Amino acid sequence: MPPLEIARLALLVIHFVGLAAVIGPFLLQVRRTQPLRLRAMLTGAVVQVLTGNALIAANRLQGMEVDELKMIVKLSVAVALLVALIVAAVIRRRRGDRATAVRPLFRLAGGLALADVVVAVVWT
Ligand code: HEM
């Protein structure tokens, strides 16, 4: 197997781990009333943006087609989710666990992650 193809598959595996790191903690905490833990989701969102762009490169370098519009939509959704999580983390650091804006931003981030899964799967 060519090294670039091995790299693409390795990146795809990490891309799925990043997906789990965002959606796993979201589903675990969405019904809880305790203070939210955002670190794993933040890490997962960064991983998705980095591995997503690296996957585009790995595909292009092998002459494989990449749907530009789909990638622009996926990247925009992923960046919006990352920004929502960063804002939630900053607000919580400044105002503490009781800050009311944190939970809506957390829900928005989870919803955007699920939206990116739908885009990835349905947009062929
Ligand atoms: C939370 C954010 C994201 C989620 C949940 C997600 C989810 C997925 C899923 C489920 C797949 C496998 C299905 C498929 O091949 O279409 C996939 C593949 C892929 N994603 Fe993402 N993704 C995210 C962000 C991104 C971003 C930001 C980019 C690019 C800027 C990206 C680029 C790609 C590419 C290029 C593939 C195809 C891999 C290949 O077959 O070589 N993804 N993503």
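This write-up is about the structure you can find in this document. Note that the coordinates shown come from a computational prediction; the quantities given were computed from them, not determined experimentally.

**A look at the overall build of the protein**
When helices and strands are tallied, the protein shows four helices and zero strands. Listed by position from the N terminus, the elements making up the protein come as α-α-α-α. In terms of principal-axis extent, the alpha carbons of the protein reach across some 50 × 25 × 25 Å. Counting the 124 residues in the protein, one finds 24% classified as buried. In the protein, the proportion of contacts linking residues at least 24 apart, taken out of those at least 6 apart, comes to 72%.

**Comments concerning the site of the ligand**
As a structural note, the neighbourhood of the ligand is formed by 22 residues, with Gly52, Leu55, Ala78, Asp116 and Ala120 the closest of them. Looking at the shell around the ligand, the elements that each hand over two or more residues are helix 1 (3–29), helix 2 (39–61), helix 3 (68–95) and helix 4 (102–122). It is helix 2 that contributes the most residues to the shell around the ligand, seven residues altogether. Among the residues forming the shell around the ligand, the class breakdown is 14 nonpolar, five polar and three charged.

**Digging into the packing of helix 1 against helix 2**
One can describe the packing of helix 1 onto helix 2 by two numbers: an axis separation of 8 Å at closest approach and a directional angle of 155°. By the angle class used here, helix 1 and helix 2 are roughly antiparallel. The two elements helix 1 and helix 2 cross, and the hand of that crossing is left-handed.

**What to know about the packing of helix 1 against helix 4**
Packing of helix 1 against helix 4 brings their axes to within 10 Å, and their N-to-C directions diverge by 135°. If you check the angle between helix 1 and helix 4, you find them oblique. As helix 1 runs across helix 4, the sense of the crossing is left-handed. Here helix 1 contributes Leu19, Val22, Ile23 and Phe26 to the contact with helix 4, which in turn contributes Gly110, Ala113, Leu114 and Val117.

**Considering the nonpolar core**
The nonpolar side chains of a soluble globular protein tend to be buried with one another. In this structure, Met41, Ala45, Leu81, Ala84, Leu85, Ala88 and Ala109 are the most contacted members of the largest nonpolar core, which totals 20 residues. Elements that contribute at least two residues to this core include exactly helix 1, helix 2, helix 3 and helix 4. Counting residues per element, this core draws most heavily on helix 3, which supplies seven residues. The contact partners of Ala88, leaving out residues within four places of it in the chain, are Leu38, Val102, Leu105 and Phe106.

Quick notes on the rules
Residues numbered from 1 in each chain as written. Predicted model: local features only at pLDDT ≥ 70, side-chain atom pairs only at ≥ 80, totals over all residues. Helix = DSSP H or I, 4+ residues; strand = E, 2+ residues; numbered from the N terminus. Buried ≥ 20, exposed ≤ 12 C-beta atoms within 10 Å, placed from the backbone. Contact = placed C-beta atoms within 7 Å. Near = placed C-beta within 6 Å. Nonpolar A, V, L, I, M, F, W, Y, C, P; charged D, E, K, R; others polar. Axes fitted to C-alpha atoms, helices over the stretch in contact; angles between N-to-C directions. Parallel < 35°, antiparallel > 145°, perpendicular 65-115°, else oblique. Left-handed = near helix turned anticlockwise from the far one by under 90°. Core = buried A, V, L, I, M, F, W, Y, C linked by C-beta atoms within 7 Å.

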